[in-house]
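Spelled out from the first residue to the last, the chains are:
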Amino acid sequence: MDEQQRTKADSGAVAREADLEPTYTDKAGNVVKKRILTGDRTTGKLHLGHYVGSLRNRVKYQSIYDTFILMADVQALTTHWENPKILKESVREVALDYMAVGLDPYTGGPDDQTKAKIVVQSHVSAIAELTVLYGLVTPMSIVLDNPTTKAEAQQYGMGGEAAPAGPTEEKTDVTLITYIEESTIPQLTTEFSELGEIDANDIVLASRELLKTMDVSQAQEYQQTKAAAGRAAEAALDELSELIYTLEQSKTLRKDVRSLIIRHKRTAGIRQMTYGFLGYPVSQAADITFVNAHLVPVGEDQVPHIELTREIARRMNKQYGGRRRILVEPQALIGGATIKGLDGNAKMSKSLGNAVYLSDSDQDIWSKVKKAVTDPQRVRKDDPGRPEICTIFAYHQQFNATTEPNIAAADLNVPAVEETAQMCRTAGIGCVECKQNLAAKLKAMLDPMRERRSKWEKDIPGLMDILKAGTGRGNEEGNATADRVKTAMHVDYWK
Ligand code: SF4
């Protein structure tokens, strides 16, 4: 465990070994399974990155913990709201992927906690209800400072761009704009180089805000400067023009405008985000707590979200719980691996076009794998290679007879991982052969998955029944949680 992980573990956000005990004893003395909440945004079929990052562990955990798997279709809409049609197909594809990898789903009837409940988010109204209630206790600072939101905003092109001009300029006098461009901007940018490039719109926005929010000392400074400038009698000037002309004589007011411009620039990217996208961490807190999950299997990069969910649960418990704990503070179960994309990019991703899908055919896989990036220094077969920097070798490390029972069962005549590394370093194997070995292992791993997928492809109504059954259990749990929260908040008028 590195220092960063240790700090997170110390804060309680990351589960330690003792937290991974599969059961606990409830107040009535019953030994019950701990609950896991995991899931996927339904934005398309799943790939090998999803498999090593999460799906592989899910299959393992489903018999150990009481498992709920959320198909996060509403979360998918936070970035795909313009194209909702993809959701229907995606939900079906992801459900097929779940069946293919070997999830053992709950299909209705009494829940003995040995089956994975697959829940469709949009059909659990308690999640939306809890999102609204949690929003009441979540300060914007927590949402805005969430690093994952910032990173996702950048990924989806929603951050760091200038705010749209909006209606500000259209009502502003042309003479004033000219004055701002020729006088105010040069003065401000010379005085405050940290402002960088600014335009008339920045000055107008900041000045309008200053007019609205002036405190007593700012108002005094404004009136005194105006009077000294001898423009008090020029009643024809509107307030905005008056302030902007006055800036020239008051460094204090210029400093105030400078601060407002900097603040506006910081929030420019946020202004472009939808309310739904910005609220993602809060709704994710509802996604996790609607079943009162104890553990959430995530990668390191998702720990800030778990921290936020814990913070919200703490706030709800403190504010409304009294001596009772109304929500479980979940912990991150760090596990799973990451793999690079075939192009060597740090992340395998549909949008980057560098993914191998679980539903790809052998031909598709080979045509992708044969073009994959290897060690660029290995130009000829007799050049020694560096497996540690090779994408294909990273895949060998993830998909081999030790990690995958299906590969072990196939008993392939291919070198083991360390042997591959050794052969690469000594130029004992060519990259084409090395890639063929990988393709053979992927085939061995995926063939049984294809069989299961094929079975369910012929029974889509049966597949949908599984989603309905899991969603039904999700609704039972979600309604109970929402009831408990509303009662604690005294929103229980009919009780
Ligand atoms: S032999 Fe294999 S591990 Fe070595 S560079 Fe080629 S593909 Fe990569």
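Since the structure is predicted, the reported quantities are computational estimates derived from the model, not experimental observations.

Quick notes on the rules
Residues numbered from 1 in each chain as written. Predicted model: local features only at pLDDT ≥ 70, side-chain atom pairs only at ≥ 80, totals over all residues. Heavy atoms only, no water. Near = heavy atom within 4 Å. 1 Å grid on protein atoms, 1.4 Å probe; cavity = no way out; pocket = protein on both sides within 12 Å on 5 of 7 lines; lining within 4 Å. Sits in = over half its atoms within 2 Å of the grid points. Helix = DSSP H or I, 4+ residues; strand = E, 2+ residues; numbered from the N terminus. Domains from an automatic or database assignment. Points joined across faces, edges and corners; volume = space filled by probe spheres on them. Buried < 20%, exposed > 50% of the residue type's maximum accessible area, 1.4 Å probe, protein only. Contact = heavy atoms within 4.5 Å. Phe/Tyr/Trp six-rings, centres within 6.5 Å; stacked < 30°, edge-to-face > 60°. Lys NZ or Arg CZ within 6 Å of the ring centre and 35° of its normal. pLDDT = per-residue confidence, 0-100.

Caption draft 1: Region of interest: the site of the ligand. Residues in contact with the ligand, as listed here, are Thr-374, Asp-375, Arg-378, Cys-390, Ile-392, Phe-393, Cys-424, Ile-429, Cys-431 and Cys-434. Assessed atom by atom at 2 Å from the grid points, the ligand resides in the largest cavity. Counting only elements with at least two residues in the shell around the ligand, the list comes to helix H17 (391-398) and helix H20 (431-457).

Caption draft 2: Inspection of the domain arrangement of the protein chain at higher detail. Once the domains are mapped, the protein chain shows domain 1 (3-158 + 275-340 + 464-488), domain 2 (169-272) and domain 3 (362-457). In this structure, domain 2 and domain 3 have C-alpha centres spaced 63 Å apart.

Caption draft 3: Empty space enclosed by the protein, seen in detail. Counted under the stated rule, the structure contains 2 cavities of 30 Å³ or more. Estimated volume of the largest cavity: approximately 100 Å³. Taken together, 14 residues form the lining of the largest cavity, with Arg-378, Cys-390, Cys-424, Cys-431 and Cys-434 sitting closest to its centre. Elements represented by at least two residues in the lining of the largest cavity include exactly H17, helix H19 (417-425) and H20. The dominant element in the lining of the largest cavity, judged by the number of residues it contributes, is H19, at 3 residues.

Caption draft 4: Examining unusual backbone geometry more closely. At Asn-292, a residue that is not glycine, the phi angle is positive and equals roughly 50°. Topologically, Asn-292 is positioned in the loop between helix H14 (280-289) and strand S6 (295-298). By relative accessible area, which is 15% here, Asn-292 ends up buried.

Caption draft 5: Summary view of the environment of Leu-87. Position of Leu-87 relative to the elements: it lies in helix H4 (residues 85-101). Here the alpha-carbon distance between Leu-87 and Gly-44, two residues 43 residues apart in the chain, equals 7.9 Å. The residues touching Leu-87, leaving out its near neighbours within four places in the chain, are Thr-42, Asp-73, Ala-76 and Leu-77.

Caption draft 6: Summary view of the packing of aromatic side chains. Applying the stated rule across the entire model yields 4 aromatic pairs. The ring of Tyr-357 carries Lys-45 above its face, with NZ or CZ at 5.1 Å from the centroid. Above the face of the Phe-192 ring, Arg-258 is positioned so that its terminal group lies 5.7 Å from the ring centre.

Caption draft 7: Seen up close, the confidence of the model for the protein chain. Taken over all residues, the pLDDT of the protein chain has a mean of 89, while the share at 70 or more is 90%. Counting contacts from residues 159-170, a segment whose pLDDT is below 50, to residues more than four positions away or on other chains yields 19 contacts.

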